[in-house]
Amino acid sequence: MLERSLVVSAPGKVILHGEHAVVHGKVALAVALDLRTFLRLRPGDGSVAVRLPGVGVAASWDPPRLRALRSGFSADFDESKSPSVEQLDALREFAGIAAESSAPESLATLAFLYMCVAISAKYGDVPSVDIIVWSELPTGAGLGSSAAYSVCLAAALLTACGAIACPLAEGEPTARWTEEELSLINSWAFQGERVIHGNPSGVDNAVGTWGGALRYQAGKITSLKRVPTLRILLTNTKVPRSTKVLVAGVKDKILKFPAIMNPVLDSINAISQECQSVLEAMPGNPSPEYYPVLEELFDVNQHHLNVIGVGHPSLDRLCRVTASHGLHSKLTGAGGGGCGITLLRPDTSLLAVEAAKRDLCACGFECWETNIGAPGVTLHSSSSLKAEVLHALSMS
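So, here is what we can say about the structure in this document. Residue positions within a chain follow its written sequence, with the count starting from 1. Since the coordinates come from a predicted model, pLDDT governs what is reported: local features require at least 70, and pairs of side-chain atoms require 80 or more to be given and counted, while whole-chain, interface and lining totals use all residues. Note that the side-chain values use all heavy atoms of the structure and ignore hydrogens as well as water.

## Quick notes on empty space enclosed by the protein
Move 1: Both site types are read off a 1 Å grid over the protein atoms alone. A 1.4 Å probe that fits but cannot get out defines a cavity, while an open set with protein on both sides within 12 Å along at least five of seven lines defines a pocket; lining residues have an atom within 4 Å of a point. Grid points are joined across faces, edges and corners, and a volume is the space filled by probe spheres set on the points. Counted by the stated rule, this structure contains two cavities of 30 Å³ or more.
Move 2: Each pocket or cavity is described by its volume, and for the largest cavity that value is around 80 Å³.
Move 3: As for the largest cavity, its lining consists of Val48, Pro63, Leu66, Arg67, Arg70, Cys116, Val117, Ser120, Asp125 and Val126.
Move 4: The helix and strand labels rest on DSSP assignments: H or I over at least four residues marks a helix, E over at least two residues marks a strand, and numbering proceeds from the N terminus. Listed by contribution, the elements that provide at least two residues to the lining of the largest cavity are helix H1 (63-71) and helix H3 (104-123).
Move 5: In terms of residue count, H1 provides more of the lining of the largest cavity than any other element does, four residues in total.
Move 6: Ten residue types, Ala, Val, Leu, Ile, Met, Phe, Trp, Tyr, Cys and Pro, are classed as nonpolar, four, Asp, Glu, Lys and Arg, as charged, and the remainder, Gly among them, as polar. Of the residues that constitute the lining of the largest cavity, the class distribution is six nonpolar, one polar and three charged.
Move 7: If you add up the space inside the second largest cavity, you get close to 40 Å³.
Move 8: What lines the second largest cavity is Val31, Val227, Pro228, Leu230, Leu279, Ile372 and Gly373.
Move 9: Residue classes in the lining of the second largest cavity are distributed as six nonpolar, one polar and no charged.

Rendered as structure tokens:
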């Protein structure tokens, strides 16, 4: 039985280098973004309730109904098996979600129900709980918001039913789980991502679980040991794009001009590897001379991404605006609009940062000053949370 409230958070993610090239077997580096999703779980009043104000969800179910639903499945639930069509159809029907609905609120509800039923089938009933989730991450911007949600859910539900310990001792500001428990959280978060995305790579939930930086190549995910926290500006151009269309466009270009495009992909791969070497060298030798190298890698890769056809006038504008303040930027994610990241050196003046933010906002963009290389899924005491988070999670 859950005896006290818990607050869990997980970070979003950005691709530092390797977007699009990763589809063709090259290395990508993904890093945890210190814009986080927060989940508060507290003992409920007899029901299992979830509220997601960001997407307009407020739902609750009686535990006996959830138990009856669970017992109606012939196939087992397991963190290593994809959710079956039969399971998802039954959950949609149970929640009154239209079969073809891919609206964020439908998918978020479906992921919650799946994880709740699956985790309780394996580890015993999830007790009566009241859950509220609030995020600093915009949805649909390629920043891993659904994975941060899935990671928070997995950690909270596994803790609530006793499958993993609650490592936060009285008086501690934050705590993290053991490596073994993090692996279990990650496995269940991946199931949540499968419910939402169908066939995800597993990178976003791994970044949300472990934090820091990850290397991804041909399905293999490895955590980079000891990476520095870097300051960045994250800018959302708010230009919508289709990842599927952009990926297909790159593929067409490679088929049309293989002798031209394959060397570009090889060069992007070399940029990812060079960047990895720099990041791994920085904590042991925090020298300022690493920053010009990182900036140059940003510049070269941004040109390559334009060459392979995933640039956009809004991203060119972002790069010009930040360059006028002596800063270096590149797109992150699918391109064609979406988001860009700008590296901030430790000695970048506050005036330059504020001026760049002002000019970016004047373009109609949304801008955050944040860090990359942030910690993964974390338990918090109330005293360690910012006022804004406390306010959002105290919503009744």
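## A closer look at the pairing of strand S3 (residues 48-52)
Move 1: Burial analysis of S3 places five of its five residues in the buried class, which makes it a mostly covered element.
Move 2: Both faces of S3 are covered, namely the face carrying Val48, Val50 and Leu52 and the face carrying Ala49 and Arg51.
Move 3: Pairing of S3 with strand S4 (residues 57-61), which is carried by five bridges, proceeds in the antiparallel orientation. Across the sheet, residue Leu52 finds its bridge partner in S4, namely Val57.
Move 4: Strands are labelled as partners when DSSP assigns at least two bridges between them. Taking the residues between adjacent antiparallel strands as the criterion, S3 and S4 are bridged by four residues, where Gly56 takes a positive phi near 75 degrees. Partly exposed residues are those whose accessible area sits between 20% and 50% of the maximum for their type, while under 20% is buried and over 50% is exposed, using a 1.4 Å probe and protein chains only.

## Brief notes about the pattern of salt bridges
Move 1: Between Lys or Arg on one side and Asp or Glu on the other, a salt bridge is scored when a side-chain nitrogen of the former is within 4 Å of a carboxyl oxygen of the latter. Applying the stated rule across the entire model yields 16 salt bridges.
Move 2: With a closest N to O distance of 3.2 Å, Arg231 and Glu369 form a salt bridge. Placement of Arg231 in strand S9 (residues 230-236) and of Glu369 in strand S12 (residues 366-372) is noted, with a sequence separation of 138 residues between them.
Move 3: Judged by relative accessible area, which is 26%, Arg231 ranks as partly exposed.
Move 4: Note that Glu369 is salt-bridged to Lys357, the shortest N-O span being 3.5 Å. Taken together, the residues span a long stretch of sequence, with Glu369 in strand S12 and Lys357 in helix H11 (residues 350-362) at a distance of twelve residues.
Move 5: If you follow the salt bridges from partner to partner, you end up with Arg40, Arg42, Arg51 and Asp130 in one network.

## Here's the deal with the nonpolar core
Move 1: Counting residues in hydrophobic clusters, the biggest one holds 90 residues, and the most contacted among them are Ile185 and Leu234.
Move 2: The biggest single contributor to this core is H3, with twelve residues.
Move 3: Not counting residues within four places of it along the chain, the set of residues in contact with Ile185 comprises Val151, Ala154, Ala155, Leu158, Ile164, Trp177, Thr209 and Val377.
Move 4: Nonpolar core, defined: a set of buried Ala, Val, Leu, Ile, Met, Phe, Trp, Tyr and Cys residues in which side-chain atoms within 4.5 Å join the residues together. In terms of nonpolar packing, the next biggest core, distinct from the first, is built from 25 residues, Val250, Leu327, Leu331 and Val353 among them. In what follows, residue pairs with any heavy atoms lying within 4.5 Å of each other are defined as contacts.

## Section: the layout of surface pockets
Move 1: Considered as a void within the structure, the largest pocket measures approximately 1700 Å³ in volume.
Move 2: Along the walls of the largest pocket sit 50 residues, with Gly142, Gly144, Ser146, His197 and Asp204 positioned nearest its centre.
Move 3: Every element with two or more residues in the lining of the largest pocket is listed here: strand S1 (6-17), strand S2 (28-43), H3, strand S5 (129-135), helix H4 (145-160), helix H5 (179-197), helix H6 (203-210) and helix H7 (243-256).
Move 4: If you tally residues by element for the lining of the largest pocket, the top one is S2, at four residues.
Move 5: Its residues placed into classes, the lining of the largest pocket shows 25 nonpolar, 19 polar and six charged.

## Here we look at the packing of aromatic side chains
Move 1: Paired rings are identified among Phe, Tyr and Trp, the last through its six-membered ring, by centres lying within 6.5 Å, and are further divided according to the angle between planes into stacked (under 30 degrees), edge-to-face (over 60) and tilted (the rest). Scanning the model with the defined rule gives five aromatic pairs in all.
Move 2: A centroid spacing of 5.9 Å and a plane angle of 20 degrees characterise the contact between Trp61 and Phe112, whose relative ring orientation is stacked. Here Trp61 is found in strand S4, whereas its partner Phe112 is found in helix H3, with 51 residues between them in sequence.
Move 3: By relative accessible area, Trp61 is classed as buried at 7%.

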